[in-house]
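Coordinates in review
Listed below are the residues making up each chain.
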Amino acid sequence: MNLKKNSTVVAFTDTAFRKILLRNVNGLEVHWKGARLLRYTVDPTVLMNQTMLPSNRRYYNFGPSGFFANMSILEEGLTILPSLPHFLHGDPALVNAVDGMNPDAEKHELYLDVEPKSGSTSVAHQRAMVSVPLPDAQHWINQDDWFTDLRHGTVMPILWFDDASLPTQDGLQEIFTMYLGLSFAKYSFVIGLICTCIFSVLIAIEIYKYYVVIGREKRDVISDVSIVDEEKNGEK
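All values derive from a computational prediction rather than experimental measurement. (Residues numbered from 1 in each chain as written. Predicted model: local features only at pLDDT ≥ 70, side-chain atom pairs only at ≥ 80, totals over all residues. Heavy atoms only, no water.)

Once that is clear, we can look at the pattern of salt bridges. Scanning the entire structure with this criterion turns up three salt bridges. Here Asp 43 ties to Arg 23 by a salt bridge, and the two come within 2.7 Å at their closest N and O atoms. With Asp 43 in the loop between strand S4 (35-42) and strand S5 (81-83) and Arg 23 in strand S2 (residues 18-23), the pair connects residues that are 20 residues apart, well separated along the chain. Its relative accessible area of 5% is what places Asp 43 among the buried residues. With a relative accessible area of 31%, Arg 23 lands in the partly exposed category. With a closest N to O distance of 3.1 Å, Arg 127 and Asp 162 form a salt bridge. Here the residue Arg 127 occupies a position in strand S7 (residues 120-133), and Asp 162 occupies one in strand S8 (residues 155-165), the gap between them amounting to 35 residues. (Salt bridge = Lys/Arg side-chain N within 4 Å of Asp/Glu carboxyl O. Helix = DSSP H or I, 4+ residues; strand = E, 2+ residues; numbered from the N terminus. Buried < 20%, exposed > 50% of the residue type's maximum accessible area, 1.4 Å probe, protein only.)

What follows is the structure, given as structure tokens:
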């Protein structure tokens, strides 16, 4: 596959039942137990609402930016809004509306670490948060007026998770074996090229020597013939 730095990949997330675009930002390369991996994170366009990116209307992203999709069409009308944890990269209004939101890319970013030669994902942290918009307050605030600061339409986080996966020792061994094979192929090509050049030079030298010898022999023959002719002329 041979992925390059600053390239993009597409992955399917079953949290939002859609494909998402991931980008290797600034050519970020990480090392994990000796394996060289490219880190891919969610492209900003994925979380844009339909106003910022009209094509995202297909995911019913008609509200604030920061959601992978509006899942109401798949959940029989129940509005479920998957996003990155703590509304990372989302509309600041989402963060400000709920106490305790503290988006941190180190803790909440979704990323895939991909081995560039094979294109296989070695390390993954598929992080996401599930939220729902609150209904009209009069239907659920009790007589003691609990949670009076909450407002109708506030998007309330329900849970967030980190679905992490790491390669097994066998998986790492496959990567190292691939590295060894690629190195062998690379150096074999170089060695083969050097040998070919040396062989070509040796052939050229032999050809040169051959023609030099042939030329010398021809000159010797011509000289001998000339001497013979002179001797015959002298005898006459």
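All right, on to the pairing of strand S1 (residues 8-13) then. It is a general feature of regular strands that their side chains alternate between the two faces of the sheet. As paired strands, S1 and S2 are joined by six bridges and run antiparallel to one another. Each residue of the ladder has a partner; that of Thr 13, found in S2, is Arg 18. Hairpin geometry of S1 and S2 is characterised by an intervening segment of four residues between the two adjacent antiparallel strands and by a positive phi of about 50° at Phe 17. (Pairing = 2+ DSSP bridges.)

As a further point, take the pairing of S4. Where burial is concerned, most of S4 is hidden: six out of the eight residues are buried. In terms of strand pairing, S2 meets S4 through two bridges, oriented antiparallel. Along S4, the bridge assignment pairs Arg 23 with Thr 41. Turn length for the strand S3 (residues 29-32)-S4 hairpin, with the two strands adjacent in sequence and antiparallel, is two residues, and the turn residue Lys 33 shows positive phi of about 55°. Note: S4 against strand S6 (residues 111-115), four bridges, orientation antiparallel.

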